[in-house]
Amino acid sequence: MTKLSVNINKIATLRNARGGDRPNVVQAAKDCERFGAQGITVHPRPDERHIRYRDVYDLKEVVTTEFNIEGNPTPDFLKLVKEVKPDQVTLVPDAPDAITSNAGWDTIRHKDFLTQTILELKEYGMRVSIFVNPDVGMVEGAALVGTDRIELYTEAYATGYRNSPEQAIAPYANAAQRAQQLGLGINAGHDLDLDNLKYLKNNLPELAEVSIGHALICDALYYGLENTIQLYLRQLK
Ligand SMILES: CC(=O)[C@@H](O)[C@H](O)COP(=O)(O)O
Ligand SMILES: NCC(=O)COP(=O)(O)O
């Protein structure tokens, strides 16, 4: 079974546009769960342009499915996740000024940093995942730093899928196969949508979880949040 974790960053983007509390991020998380989401993902960024650190503490009080916090392990981020203790923390090497996440870890170059950080986080009882490109060498490096899971960065898959699904999936299938041989759990995310999700799922049988935000919240404008979550869940059957 592949779990659907709904990334609610974009709910917070909308809320922040007016400075008030509409839509309410906590209520949205509860509703996503009520509509079938099996997890809630947030990716607080240093400028708090969508999810604020305060939201993360508030969400911890209400999320009853799997709570996944993604982000660059800066001192502030590490303090936050150690206090909140989500079910899963996903480390992403994104620059503070990046519009969105745009690369996975170089697990060889950052081996010492990742090993130390992951060790610390696991002492707090969290599952740790790290964001990686679909590159067998990076997956092998991930196995050496002690992470429980990898999250495959699927932007290249989503872009390539439009021209050639077979070519787009090939590096992901190889990376996933290697991760499984090495005993790593496999998550995936970024730019997944109703067009490309089923093919990814069908070709990565080991996929434990996908986190989806941008396209899902856009779809919800047309289909409604409940229908949209059901449509995404159907792709993962
Ligand atoms: C790691 C990843 O791919 C997602 O967390 C993505 O970065 C969403 O972040 P934004 O909503 O800030 O684009
Ligand atoms: N980890 C990926 C995620 O949480 C959502 O990415 P996107 O669907 O907003 O591109």
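These numbers come from a predicted model, not from an experiment.

Thresholds, definitions, all that
- Residues numbered from 1 in each chain as written.
- Chains lettered and ligands numbered in written order.
- Predicted model: local features only at pLDDT ≥ 70, side-chain atom pairs only at ≥ 80, totals over all residues.
- Near = placed C-beta within 6 Å.
- Nonpolar A, V, L, I, M, F, W, Y, C, P; charged D, E, K, R; others polar.
- Axes fitted to C-alpha atoms, helices over the stretch in contact; angles between N-to-C directions.
- Helix = DSSP H or I, 4+ residues; strand = E, 2+ residues; numbered from the N terminus.
- Left-handed = near helix turned anticlockwise from the far one by under 90°.
- Contact = placed C-beta atoms within 7 Å.
- UniProt positions renumbered as here; feature names shortened; annotations may be inferred.
- Buried ≥ 20, exposed ≤ 12 C-beta atoms within 10 Å, placed from the backbone.
- Pairing = 2+ DSSP bridges.
- Right-handed = clockwise from strand over helix to strand, strands pointing away.
- Core = buried A, V, L, I, M, F, W, Y, C linked by C-beta atoms within 7 Å.

The next thing to look at is the site of ligand 1. Near ligand 1, the surroundings consist of Asn7, Asn9, His43, Arg45, Glu70, Val92, Thr100, Ser101, Phe131, Gly189, His190 and Gly213. Per-class residue counts for the shell around ligand 1 are two nonpolar, eight polar and two charged.

This part takes up the packing of helix α2 (residues 25–34) against helix α3 (residues 53–62). Where α2 contacts α3, the two axes come as close as 9 Å, and the packing angle between them is 35°. Of the two possible hands of crossing, α2 and α3 adopt the one that is right-handed. Note on element contacts: α3 touches α2 through Asp55, Asp58, Leu59 and Val62, opposite Val25, Val26, Ala29 and Lys30. Residue composition of the contact of α2 with α3, grouped by class: five nonpolar, no polar and three charged.

A separate point is the site of ligand 2. Around ligand 2 sit 14 residues, and of these Asn7, Gly189, Ser211, Gly213 and His214 come closest. Elements that contribute at least two residues to the shell around ligand 2 include exactly β8 (207–212) and α10 (214–223). Split into classes, the residues belonging to the shell around ligand 2 amount to three nonpolar, eight polar and three charged.

Okay, the UniProt feature "active site" (unreviewed entry) in the chain next. Look at the UniProt record and you will see "active site" (unreviewed entry) annotated at His43, Glu70 and His190. Maximum C-alpha separation among the annotated residues is 12.0 Å over a sequence range of 148 residues, consistent with a single clustered spot. Position of Glu70 among the secondary structure elements: in strand β3 (residues 66–71). Glu70 has contacts with Thr41, His43, Thr90 and Val92, leaving out every residue within four places of it along the chain. Tracing the backbone through its elements, the reader meets His190 in the loop between β7 (185–189) and α9 (197–203). On the neighbour-count criterion, His190 (24 C-beta atoms within 10 Å) is buried. When neighbours within four sequence positions are excluded, His190 is seen to be in contact with Ser101, Tyr153, Thr154 and Glu155.

By the alternation rule, side chains of strand β4 (residues 88–91) split into Gln88 and Thr90 and Val89 and Leu91, which are all buried. Bridge analysis of β3 against β4 gives four bridges, and the strand direction is parallel. Looking at β4, one finds that Ile69 is bridged to Val89. Read from β3 through helix α4 (residues 75–84) to β4, the crossover connection turns out right-handed. As defined by bridge partners, β4 adjoins strand β5 (residues 127–132) across four bridges and the pair is classed as parallel. Looking across to β5, one finds that Val89 is bridged to Val128. This β-α-β element, β4 to helix α5 (residues 111–123) to β5, shows right-handed connectivity.

Okay, unusual backbone geometry next. A cis amide bond links Arg22 to the next residue, Pro23, at an omega of 0°. Examined against the element boundaries, Pro23 turns out to sit in the loop between α1 (9–18) and α2. Of note, Asp191 is a non-glycine position whose phi angle comes to about 60°, a positive value. Following the sequence through the fold, Asp191 ends up in the loop between β7 and α9.

A word on the sheet that holds strand β1 (residues 3–7). Spatially, eight strands are ordered β1-β2-β3-β4-β5-β6-β7-β8 in a closed barrel, and the strand pairing comes out parallel. Geometrically, the sheet is characterised by an average inter-axis angle of 25° between neighbouring strands, direction not taken into account. By the bridge criterion, four bridges tie strand β2 (residues 39–42) to β3 in an arrangement that is parallel. Each residue of the ladder has a partner; that of Thr41, found in β3, is Asn68.

Summarising the element assignment, Leu221 is placed in helix α10. Taking the C-alpha atoms as reference points, Leu221 and Thr115, separated by 106 residues in sequence, lie 41 Å from one another.

Membership of the largest hydrophobic core comes to 63 residues, with the highest contact counts inside it found for Ile8, Ile40 and Val132. Here this core gets six residues from one element, more than from any other, and that element is helix α8 (residues 165–181). When near neighbours in sequence (up to four residues on either side) are disregarded, Val132 contacts Gly104, Trp105, Thr107, Met138, Val139, Ala142, Ile150, Leu152 and Tyr153.

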